[in-house]
Amino acid sequence: MEGEFFVGAIVAGVLAFAFLWRLHSNETADVVDGGEDEGVGKSNGVDGGPDVVVVGAGVAGAALAHTLGKDGRRVHVIERDLTEPDRIVGELLQPGGYLKLLELGLEDCVEEIDSQRVYGYALFKDGKGTKLSYPLEKFHEDVSGRSFHNGRFIQRMRQKAASLPNVQLEQGTVISLVEENGVVKGVKYRTKAGEELTAYASLTIVCDGCFSNLRRSLCKPQIEVPSCFVGLVLENCELPYANHGHVVLGDPSPILFYPISSTEVRCLVDVPGQKVPSVSNGEMANYLKTVVAPQVPPQLYDAFISAVDSGNIKSMPNRSMPAVPLPTPGALLMGDAFNMRHPLTGGGMTVALSDIVVLRDLLRPLSDLKDASSLCRYLESFYTLRKPVAATINTLAGALYRVFCASPDQARKEMRQACFDYLSLGGVFSTGPIALLSGLNPRPLSLVLHFFAVAIYGVGRLLLPYPSPKRMWIGARLIYGASGIILPIMKAEGFRKMFFPSTVPAYYRAPQVQQRRRAD
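Rules and cut-offs
- Residues numbered from 1 in each chain as written.
- Predicted model: local features only at pLDDT ≥ 70, side-chain atom pairs only at ≥ 80, totals over all residues.
- Heavy atoms only, no water.
- Helix = DSSP H or I, 4+ residues; strand = E, 2+ residues; numbered from the N terminus.
- Buried < 20%, exposed > 50% of the residue type's maximum accessible area, 1.4 Å probe, protein only.
- Contact = heavy atoms within 4.5 Å.
- Expected span 1.5 Å × (residues − 1).
- Core = buried A, V, L, I, M, F, W, Y, C linked by side-chain atoms within 4.5 Å.
- Axes fitted to C-alpha atoms, helices over the stretch in contact; angles between N-to-C directions.
- Parallel < 35°, antiparallel > 145°, perpendicular 65-115°, else oblique.
- Left-handed = near helix turned anticlockwise from the far one by under 90°.
- Nonpolar A, V, L, I, M, F, W, Y, C, P; charged D, E, K, R; others polar.
- Pairing = 2+ DSSP bridges.
- Salt bridge = Lys/Arg side-chain N within 4 Å of Asp/Glu carboxyl O.

Peer 1: Tell me what's going on with the overall build of the protein chain, and back it up with residues and numbers.
Peer 2: Of the regular secondary structure elements, the protein chain holds 15 helices and 17 strands. Relative to its full complement of 520 residues, the protein chain shows a buried share of 55%. Taking as baseline every contact in the protein chain between residues at least 6 positions apart, the subset at least 24 positions apart corresponds to 74%.

Peer 1: I'd like to hear about helix 4 (residues 150-162), residue by residue, with values.
Peer 2: Within an α-helix, residues lying three or four positions from one another point in the same direction, as the helix has 3.6 residues per turn. With 13 residues, helix 4 should reach 18 Å at 1.5 Å per residue; the first-to-last C-alpha distance of 18 Å fits that figure. Within the span of helix 4, buried status applies to N150, G151, F153, I154, Q155, R156, M157, R158 and A161. Elements that come into contact with the buried residues of helix 4 comprise helix 2 (59-70), strand 2 (75-79), helix 3 (95-104), strand 8 (167-180) and helix 7 (348-363).

Peer 1: Describe the nonpolar core, and please don't skip the residues or the numbers.
Peer 2: Grouped together as the largest cluster of nonpolar side chains are 67 residues, with contacts concentrated most on F153 and I205. For this core, the leading source of residues is helix 7, giving nine residues. Beyond its immediate sequence surroundings of up to four residues, I205 is in contact with V52, V53, V54, V55, L64, L68, L332, M334 and L359. L92, L132, M415 and L436 belong to the second largest nonpolar core, which has 57 residues in total.

Peer 1: If you had to explain the packing of helix 2 against helix 7 to someone new, which residues and values would you point to?
Peer 2: Two measures define how a pair of helices packs: the angle their axes make with one another and the distance between the axes. Following both chains from N to C, one finds helix 2 and helix 7 inclined at 25 degrees, their axes separated by 10 Å at the closest point. The angle between helix 2 and helix 7 falls in the class roughly parallel. Handedness of the crossing formed by helix 2 with helix 7: right-handed. Where helix 2 approaches helix 7, its residues V59, A60, A63, L64, T67 and L68 are matched on the opposing element by M349, A352, L353, I356, L359, R360 and L363. Split into classes, the residues belonging to the contact of helix 2 with helix 7 amount to 11 nonpolar, one polar and one charged.

Peer 1: Pulling in residues and values, what's your account of the sheet that holds strand 3 (residues 92-93)?
Peer 2: Across a sheet, strands are paired by hydrogen bonds formed along the backbone, either parallel or antiparallel in direction. Judged by pairing direction, the sheet is antiparallel, and its three strands sit side by side in the order 3-7-4 without closing on themselves. On the outer flanks of this sheet lie strand 3 and strand 4 (116-118), each paired with one strand and no other. Where strand 4 meets strand 7 (residues 145-147), three bridges bridge the pair, whose relative direction is antiparallel. Considered in strand 7, the bridge of R117 is made with R146.

Peer 1: Before we move on, could you go through the pattern of salt bridges and cite the residues and values that matter?
Peer 2: A complete count under the given rule lists 22 salt bridges for this structure. Notably, a salt bridge pairs R156 with E112, separated by 4.0 Å at the nearest N-O pair. One end of the pair, R156, is in helix 4; the other, E112, is in the loop between helix 3 and strand 4, with 44 residues separating them in the sequence. Across the pair R461 and D421 runs a salt bridge whose closest N-O atoms are separated by 3.3 Å. Of this pair, R461 sits in helix 12 (residues 444-463) while D421 sits in helix 10 (residues 410-424), and the two are 40 residues apart along the sequence. Overall, the relative accessible area of 28% leaves R461 in the partly exposed class.

Peer 1: Any details on the environment of Q171? Residues and values, ideally.
Peer 2: For Q171, the location among the structural elements is in strand 8. Linking Q171 and D81, residues 90 residues apart in sequence, is a C-alpha distance of 6.0 Å.

Peer 1: Just give me the short version of the sheet that holds strand 15 (residues 264-272), but keep the residues and values in it.
Peer 2: Taken together, the seven strands give an open sheet; going across it, the order is 6-5-13-14-15-12-16, and neighbouring strands pair in mixed fashion. Looking at which strands have only one partner, the edges of the open sheet turn out to be strand 6 (128-133) and strand 16 (314-320). Neighbour-to-neighbour, the strand axes of this sheet turn through a mean angle of 20 degrees, independent of strand direction. Pairing of strand 5 (residues 120-125) with strand 6 involves six bridges; the strand directions are antiparallel. By the bridge assignment for strand 6, K125 is matched with K128. Sheet strands touched by helix 6 (residues 298-310): strand 12 (224-235), strand 14 (255-259) and strand 15. Its angle to strand 12, the strand with the most contacts, is close to 105 degrees. The strands that helix 10 touches are strand 5 and strand 6; relative to strand 5, the one it contacts most, it runs at about 135 degrees.

Peer 1: I'd like a description of unusual backbone geometry, backed by residues and values.
Peer 2: Going from D251 to P252, the amide bond is cis rather than trans, its omega being 20 degrees. Tracing the backbone through its elements, the reader meets P252 in the loop between strand 13 (245-248) and strand 14. Following L464, the chain continues into P465 via a peptide bond in cis, with omega recorded as 0 degrees. Here P465 shows up in the loop between helix 12 and helix 13 (469-493). Positive phi, close to 60 degrees, is recorded for N243, a residue that is not glycine. Checked against the element boundaries, N243 lands in the loop between strand 12 and strand 13. For N243, a relative accessible area of 29% translates into the label partly exposed.

As structure tokens, this is what we get:
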């Protein structure tokens, strides 16, 4: 163990030096100019049919359909249910995600749905609270987080996509992919009327969500379910900090509050494990009243009890799944069908919209998509180009959830307290992590520096004013435990693509049309 402590001390020293050096650089990524060229290549699809079939019209599918349609592609979207969804997640869009909406020309989709601006978070632990504001000073005043009813947001995006003449939105259930000689040619689906049809296209993009039945053909799913969310809607109450998300570091795990309309507040109670107390026999209501309610901020207590008594309690599993694609000619995975992270940090929509921006920019130079093998090879760059942003948000979500959960282990307790106190320091100690959380600065190195800075801060708290063998032992375990939290997540995401994407050959893939011009 002395060797591990010595190595930990060296690592901590190097990270501390790097952290100080990084303070001289900007903590927040620059706003990307949304004014893209409208010049678009057009193709004939398959026998005059659509260029792209999109499976699913959730956030990712609807946004993708509009984006490709606006670029002149003929898009056929097949969605299982076109009625307004009623979900308890996908309701908080981080500022980084809103910037992607601006890039895609979809910012008006958060209008006319009673969406609420979100300017940061409030963190509560043991009756104490601290406010963490998004670092929005360098951005236009319209840039902030947005919270809303997920279904209303999706319907607005579907309407936006369907408004384009070259986008067909159809209700139907996709049964399977259509493959010929290892190339995906389209999908078989059942219409609303029950008729089985086949939709052919040069490229099939699967965005059918977390319960995807097509992903096994296109990736190696490694799904984990660390917990479940129990959702309630609190009515006619005021949050302790208006226009902020609220995170209570409860026991056994976090409790979230955020506005979803001008009169409603969403409450999400995290329940560790894959099973939740039964709603039908009253176990859930009893759990919420006896275990959760005493930890709720006093301003929300009465509204919380009323919401429990109303009986409108929903739950869903929180899934995480690293992106492990199987490049397949003619097909691509996106959205939750491809990559998931714990929803604690509300980063899912930011990742999906960021992926769409990357894919749009890759497809724009292509006049047609018919050469499936060349297109597949070219689009391998998508998996590398998306990685720094996606992996940073994914890693932060998984690591923060582990840190925020209560534990009987003393080292884990110290790490949890150190995280709360570190964020409460203000200045770069709060703006740095909140810039990561908001998607404004999704840089892997910044994430690692702040994460281990929290661990070093925790060790410092233990050793001051006078170290003791017991405190030194807990400090060593704290560093070891912190490494055990973040390193496996980063390993699953892929160290090389996350930190050194430019060393991956696919990073430099050029469109086939450009390669031919160079050859000429």
